[in-house]
Structures are given as C-alpha cells and as structure tokens.
Amino acid sequence: MRSSDLEGLLRSRRSVRSFLAEVPPDPMVERVLELAIQAPSASNKQPWRFLVVKNAALISEMAAIVRARVLLIAKHVPESSQPAFLAYGDYFTRFGSAPLVIVPIHRGHTVLSNLVDDALLPSARDAILEMERDSGLVGTSLALMNLLLAAHAEGLGASAMTGPLVAKDALCTLLGVPKSWGIVAIVAMGYAAKEPRPTERKRVDNVTRWIR
C-alpha cells in the first residue's frame, strides 16, 4: 500500500451511528475480522475474541439493558444535571439500531504473576498484575482499530462505543462472556445511512511533548 492510500483511509474514516437496515454479508464481516487480528500483541498472546451479534432481538435487549442502567445512574445525578446526563446517555444506546454488533473481549496475561513468589513486595506484585491485565486491553484495542479501518475499507460504517460499558456486568452476563474476560467496547456496524461530517482535531503540537 502506498503511504497516500493509508493516509486517505485514516483521514476519511468516520464514526457512524446511523445505519441502513441491510445486514452486511458474513464473508465481508469475516474479512474485516481477519484484518483485525493482524494487530500486534504482547508476546503474540493475541488476547482477543470477537462476539458477532446479528440477532436483532438480542441487540435490542443489549440496548435496553444499557438504557435501564443510564436511567438508574440518572437518579443519582443532581436534578439540575439530569437532562444533560440523559441526553449524553442516549448516545450509549445508539448501537441498538445497528444491523450488526461486534463485541471485542480481552483477557490479561498471567505469565509473570504465576511465576513470582509470595515474598515479592505487594506493590511490585500489583504492578505485575496491572501490567498483565493492561497488556490484554491494549492488544485488543489495537485489533479494534484494525477492525474499524478494515470496515471502512470494505465500505461499511462503524463506531466503537465505550458508553455502553456502564452496564458491562449485565452485558457480560447476557452475552455469556467468561469471568476472566472483559468487554473492550461495543462496535456498531453496517452500511452508513449518512456520511458524518469530519470532526475537528487538535493540532499535533498541542498533544505532543518532545523529550530529546
């Protein structure tokens, strides 16, 4: 691929939250997933799995669970802030209208934490546990970015949503996610109903600090 092709793909990708009713064919979704798992991961552990949900009733149930959790949280938000919170929380359920939802899940490593003995300082042991847990999350997040770019290249729209994770426990139960695994995001996917406008990006020099 020429650098200009990659740049065009990166710059033209948008987060899509409204979709046509048509469901993408399985072979197209499989190509997207095949490219997703080309991502790097620590020690090549490939700590990811992908739940592909095409059942419309199940997607609606997932959205209903998130909506109920948003309403529950809203009761504990100051009354003056509730309208703003509920408007924000509405975005958490936008995946409910998607014809296809992909749920990337991750599992942390347990290599070093299983090798060290009990004499290790608790702070050092905690650091190892956190590092191994985070390595699974980071690796799966890299695969998630591959997935979004591959979907865009296939002519699909997609959006990776973390808002629904306010109901992560209930979603894990509904989807049968093993206890040692965690949900990274809810990815709504399908053919875009409309092309979102580009959003403004911060300048590179505003988000970069050089250490020479």
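Residues numbered from 1 in each chain as written. Predicted model: local features only at pLDDT ≥ 70, side-chain atom pairs only at ≥ 80, totals over all residues. Heavy atoms only, no water.

Caption draft 1: Representation of the nonpolar core in the model. Grouped together as the largest cluster of nonpolar side chains are 27 residues, with contacts concentrated most on Met-62, Phe-95, Val-101, Val-103, Ile-183 and Ile-186. Counting only elements with at least two residues in this core, the list comes to helix H3 (56-74), strand S2 (100-106), helix H7 (168-175) and strand S5 (186-190). No other element matches the six residues that H3 contributes to this core. With sequence-adjacent residues up to four places away left out, Val-101 is seen in contact with Leu-51, Val-52, Val-53, Ile-59, Met-62, Phe-95, Ile-186 and Val-187. Core analysis: the second largest hydrophobic core is formed by 23 residues, Met-28, Ile-102, Ala-185 and Tyr-191 among them. (Core = buried A, V, L, I, M, F, W, Y, C linked by side-chain atoms within 4.5 Å. Buried < 20%, exposed > 50% of the residue type's maximum accessible area, 1.4 Å probe, protein only. Helix = DSSP H or I, 4+ residues; strand = E, 2+ residues; numbered from the N terminus. Contact = heavy atoms within 4.5 Å.)

Caption draft 2: Representation of the layout of surface pockets. Estimates place the volume of the largest pocket at around 570 Å³. If you trace the largest pocket, you find 19 residues lining it, with Arg-13, Arg-14, Ser-15, Thr-199 and Arg-201 closest to the centre. Elements represented by at least two residues in the lining of the largest pocket include exactly helix H1 (3-12) and helix H6 (122-153). Across the lining of the largest pocket, the residue classes break down as seven nonpolar, three polar and nine charged. (1 Å grid on protein atoms, 1.4 Å probe; cavity = no way out; pocket = protein on both sides within 12 Å on 5 of 7 lines; lining within 4 Å. Points joined across faces, edges and corners; volume = space filled by probe spheres on them. Nonpolar A, V, L, I, M, F, W, Y, C, P; charged D, E, K, R; others polar.)

Caption draft 3: Layout of the pattern of salt bridges. A full pass over the atoms with the stated rule returns six salt bridges. Glu-154 serves as the salt-bridge partner of Arg-31, at 2.8 Å between the closest nitrogen and oxygen. With a gap of 123 residues between them, Arg-31 in helix H2 (residues 26-36) and Glu-154 in the loop between H6 and strand S3 (157-161) connect regions that are remote in the sequence. According to the relative accessible area criterion, Arg-31 is partly exposed, its value standing at 42%. Look at Glu-154 and you get partly exposed, because its relative accessible area is 25%. The residue Arg-94 makes a salt bridge to Asp-90 at a minimum N-O spacing of 3.1 Å. By relative accessible area, Arg-94 is classed as partly exposed at 30%. Of the residues examined, Asp-90 reaches a relative accessible area of 38% and is grouped as partly exposed. (Salt bridge = Lys/Arg side-chain N within 4 Å of Asp/Glu carboxyl O.)

Caption draft 4: Spotlight on the packing of aromatic side chains. The tally for this structure, following the rule as stated, stands at one aromatic pair. The ring of Tyr-91 carries the charged tip of Arg-94 above its face, separated from the ring centre by 4.4 Å. (Phe/Tyr/Trp six-rings, centres within 6.5 Å; stacked < 30°, edge-to-face > 60°. Lys NZ or Arg CZ within 6 Å of the ring centre and 35° of its normal.)

Caption draft 5: The arrangement of the pairing of S2 in detail. Burial analysis of S2 places seven of its seven residues in the buried class, which makes it a mostly covered element. The two faces of S2 match: Leu-100, Ile-102, Pro-104 and His-106 on one face and Val-101, Val-103 and Ile-105 on the other face are all buried. Relative to S2, strand S1 (residues 48-53) runs antiparallel, the two being bridged by six bridges. Considered in S2, the bridge of Arg-49 is made with Ile-105. Where S2 meets S5, three bridges bridge the pair, whose relative direction is antiparallel. Bridge pairing in S5 places Val-101 opposite Ala-188. (Pairing = 2+ DSSP bridges.)

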